[in-house]
Amino acid sequence: MRAKHSANDQIVQVGARVRSIVWFRGKDLRLADHQPLAAGIAAGEVLPVFIFDPYFFAPERAVQMGHRIQFLLESAQALKAALQARGSDLICLRGASFDRLAELSRAWSADRVLATRWSERFGRKRDDSIASRLQVPFHVFEGETLMPPGDILTASGQAFRVFTPFWRAFQRVFELKAPLPRPERLPSLPPEILALDEGIPGLEELGVVANERLIRGGEQAAWSRLDTFLRGPADRYVKGRDRLDQEGTSRLSADLKFGLLSPRQVWWAIETAEARPGGGAAFQRQLVWREFSHHSLWHWPDLLERPFRADFEGFPWLEDPAGWQAWVQGQTGYPVVDAAARQLLVEGFVHNRARMIAASFLTKHLGIHYQRGEAHYMRYLVDGDWAQNNLGWQWSAGCGCDAQPYFRVFNPTLQGQRFDPAGTYVRQWVPELARLPKRWIHEPWNAPESVLLDAGVTLAKDYPKPIVEHRAARARFLATAKAHLAQRKGLSP
DNA sequence: ACGGGCTTGTA
DNA sequence: ACAAGCCCG
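Note that the structure is predicted; figures quoted are calculated from it, not measured.

**Observations regarding the protein's contact with DNA strand C**
So, point 1. Surrounding DNA strand C, one finds 14 residues, the nearest of these being Arg161, Val162, Arg474, Leu478 and Lys489.
So, point 2. Near-protein atoms of DNA strand C (within 4 Å) split between backbone and bases, with sugar and phosphate holding 70%.
So, point 3. Contact distances for DNA strand C include 3.3 Å between a phosphate oxygen and a backbone N or O atom of alanine 155.
So, point 4. Contact between DNA strand C and arginine 161: a phosphate oxygen at 2.6 Å from a main-chain N or O atom of the residue.
So, point 5. Among the elements that take part in the surface near DNA strand C, helix H23 (residues 470–491) stands out by supplying four residues, more than any other.
So, point 6. Of the residues assigned to the surface near DNA strand C, the class counts are nine nonpolar, one polar and four charged.

Quick look at the structure:
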């Protein structure tokens, strides 16, 4: 006998009672605009499940991405609470995804399993394997992106390699549909299924040290961030987004990564805002950069292993252990580069422009492989996403899809002066320079002795002298890149 | 197949 | 202007 349902559910009960397991997989931790969930509810009974697979959640894996684990666990807790408040629950299991899923499917006599697609190669492989081994149908839904990866092609049916034509094509074909509402009630779960719940693991259990400085997870927190963005920064976005010293960006990257918000909900919120924000279109363009990264990774799954530009293969990157350590710890002597490094470790977040400055410095000034920077960012970023992080690093290194030309090397002093004019960002993250006047905040090595003295800064003691000289480092990279690319060109037919 | 055009810049 | 080059219609 089925549990009692609200009036709404009675209506559904009249139809076929299809039993759908809705498998939440960490990129769709929300109730609103959730296509598998909505499809499940429309068809009958729903069993929401999350599986803590050791592939991600074994302690030795979890510590490799502690910030994201913390954010995900918080978001899963919020999801569980929201499902409980609506008469259902999030059944949490531990172990190998396929085994636990198959077991649950048998225990509940499920008719099918529904989930949101992951576009990375290993996600696709996992889904193929699950579909072929599961006794019941396995349906994956789109929704991680605005358009399904692979759906936007050039006139000749090829993948785009340059953003702007992709953006134009996107605007031509994208049709915005209203996001699905958040379900008010869900069918309840039988006691024998509720009894299978193994709960959400705690951080300690996974060997992860809690970090109080991270943004909060959960669907509600995400909506509050979206609201904050729409109330201010969205209107000033065109210029404000580049400012390191202001709250000029959306701060929605982690919400989109974990699917606390779908990109469609965010796009819709911009479109339907009472006062259309002045920076709405510019922000939507940024959302399409997110699309571009997912589409690119879909077309070229080995981007995670190799440079997009084949002529960068075999590039003579340097080891430079001392340079690497300085870059990681924020001790390069370039204030804005160091601020970015420290913000990453402390907050698990870095302003987009600061990411570019940091990436340019690591790859060009230090000549260190972009993949090392990419991996370091993946380790600490709350919003760390394979597709986007990889695109960003390859773009910065000059070897990526639509990359900046290799000879365009960011000058960290100029970037700092332009986008953090008063040095507010630097002062926050490099407090040993806090008393330096803004004239010298981005180039303390040029400050007069008396100024340094007044600011209480002794270079090489309180704060390092630059570990490389900008002009020399720039020249070294250009010479190396030029020689390497010329050689590669000579090798190719 | 020709040519306009190309996220985030520097000197 | 530029230390190039090539995407895409």
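After that view of the structure, there is still more to cover.
**Details of the pairing of strand E5 (residues 138–141)**
So, point 1. Taken together, the four bridges between strand E4 (residues 112–116) and E5 define a ladder with parallel strand orientation. Of the residues in E5, the one forming a bridge with threonine 116 is phenylalanine 141.
So, point 2. Each parallel crossover has a hand, and the one from E4 via helix H7 (residues 121–133) to E5 is right-handed.

**Notes on the protein's contact with DNA strand B**
So, point 1. Inspection of the region around DNA strand B gives 22 residues, with Thr164, Trp289, Trp395, Asp402 and Arg408 positioned closest.
So, point 2. At the protein interface, 61% of the atoms of DNA strand B within 4 Å belong to sugar or phosphate.
So, point 3. Side-chain polar atom of glutamine 415 to a phosphate oxygen of DNA strand B: 3.4 Å apart, as the coordinates give it.
So, point 4. Within the side chain of arginine 418, one N or O atom sits 3.0 Å away from a phosphate oxygen of DNA strand B.
So, point 5. Of all the elements in the fold, those that place two or more residues in the surface near DNA strand B are helix H8 (163–173), helix H14 (280–299), helix H17 (352–365), helix H20 (412–419) and H23.
So, point 6. Here the surface near DNA strand B is built from residues that sort into eight nonpolar, six polar and eight charged.

**Digging into unusual backbone geometry**
So, point 1. One non-glycine residue, aspartate 33, lies in the positive phi region at around 50°.
So, point 2. In this structure, aspartate 33 sits in the loop between strand E1 (18–24) and helix H2 (35–43).
So, point 3. Even without glycine at this site, aspartate 320 takes up a positive phi of about 40°.
So, point 4. The class for aspartate 320 is partly exposed, based on a relative accessible area of 27%.

**Focus: the packing of aromatic side chains**
So, point 1. Under the defined criterion, the tally for this structure stands at 36 aromatic pairs.
So, point 2. With a centroid separation of 5.1 Å and 50° between ring planes, the pair formed by phenylalanine 166 and phenylalanine 292 is classed as tilted. Remark: phenylalanine 292 occurs in helix H14 and phenylalanine 166 occurs in helix H8; sequence separation between them is 126 residues.
So, point 3. Arranged with centres 5.4 Å apart and planes meeting at 10°, the rings of phenylalanine 312 and phenylalanine 315 form a pair that is stacked.
So, point 4. Overall, phenylalanine 312 belongs to the buried group, its relative accessible area being 3%.
So, point 5. Classification of phenylalanine 315 as buried rests on a relative accessible area of 8%.
So, point 6. By way of ring pairs, the aromatic residues Phe160, Phe163, Phe166, Trp167, Trp289 and Phe292 are connected into one cluster.
So, point 7. It is arginine 124 that lies over the ring of tryptophan 298; its NZ or CZ is 4.0 Å from the centre.

**Thoughts on the nonpolar core**
Side chains of a nonpolar character, in soluble globular proteins, are inclined to be buried together.
So, point 1. Residues Phe57, Ile69 and Leu73 are the most contacted members of the largest nonpolar core, which totals 70 residues.
So, point 2. At eight residues, helix H5 (residues 66–85) tops the list of elements feeding residues into this core.
So, point 3. Beyond its immediate sequence surroundings of up to four residues, leucine 73 is in contact with Phe52, Phe57, Ile200, Pro201, Gly202, Leu203 and Leu206.
So, point 4. Grouped together as the second largest cluster of nonpolar side chains are 55 residues, Trp327, Ala340, Ala358 and Leu381 included.

**With respect to the state of the cysteines**
So, point 1. If you walk through the whole model with that rule in mind, you get zero disulfides.
So, point 2. Looking at cysteine 401, it has no disulfide partner, and the nearest cysteine sulfur is the one in cysteine 399, 10 Å off.

Conventions and cut-offs
- Residues numbered from 1 in each chain as written.
- Chains lettered and ligands numbered in written order.
- Predicted model: local features only at pLDDT ≥ 70, side-chain atom pairs only at ≥ 80, totals over all residues.
- Heavy atoms only, no water.
- Near = heavy atom within 4 Å.
- Polar contact = N/O pair within 3.5 Å; in protein donor to acceptor, adjacent residues only side chain to side chain.
- Helix = DSSP H or I, 4+ residues; strand = E, 2+ residues; numbered from the N terminus.
- Nonpolar A, V, L, I, M, F, W, Y, C, P; charged D, E, K, R; others polar.
- Pairing = 2+ DSSP bridges.
- Right-handed = clockwise from strand over helix to strand, strands pointing away.
- Buried < 20%, exposed > 50% of the residue type's maximum accessible area, 1.4 Å probe, protein only.
- Phe/Tyr/Trp six-rings, centres within 6.5 Å; stacked < 30°, edge-to-face > 60°.
- Lys NZ or Arg CZ within 6 Å of the ring centre and 35° of its normal.
- Core = buried A, V, L, I, M, F, W, Y, C linked by side-chain atoms within 4.5 Å.
- Contact = heavy atoms within 4.5 Å.
- Disulfide = S-S within 2.5 Å.

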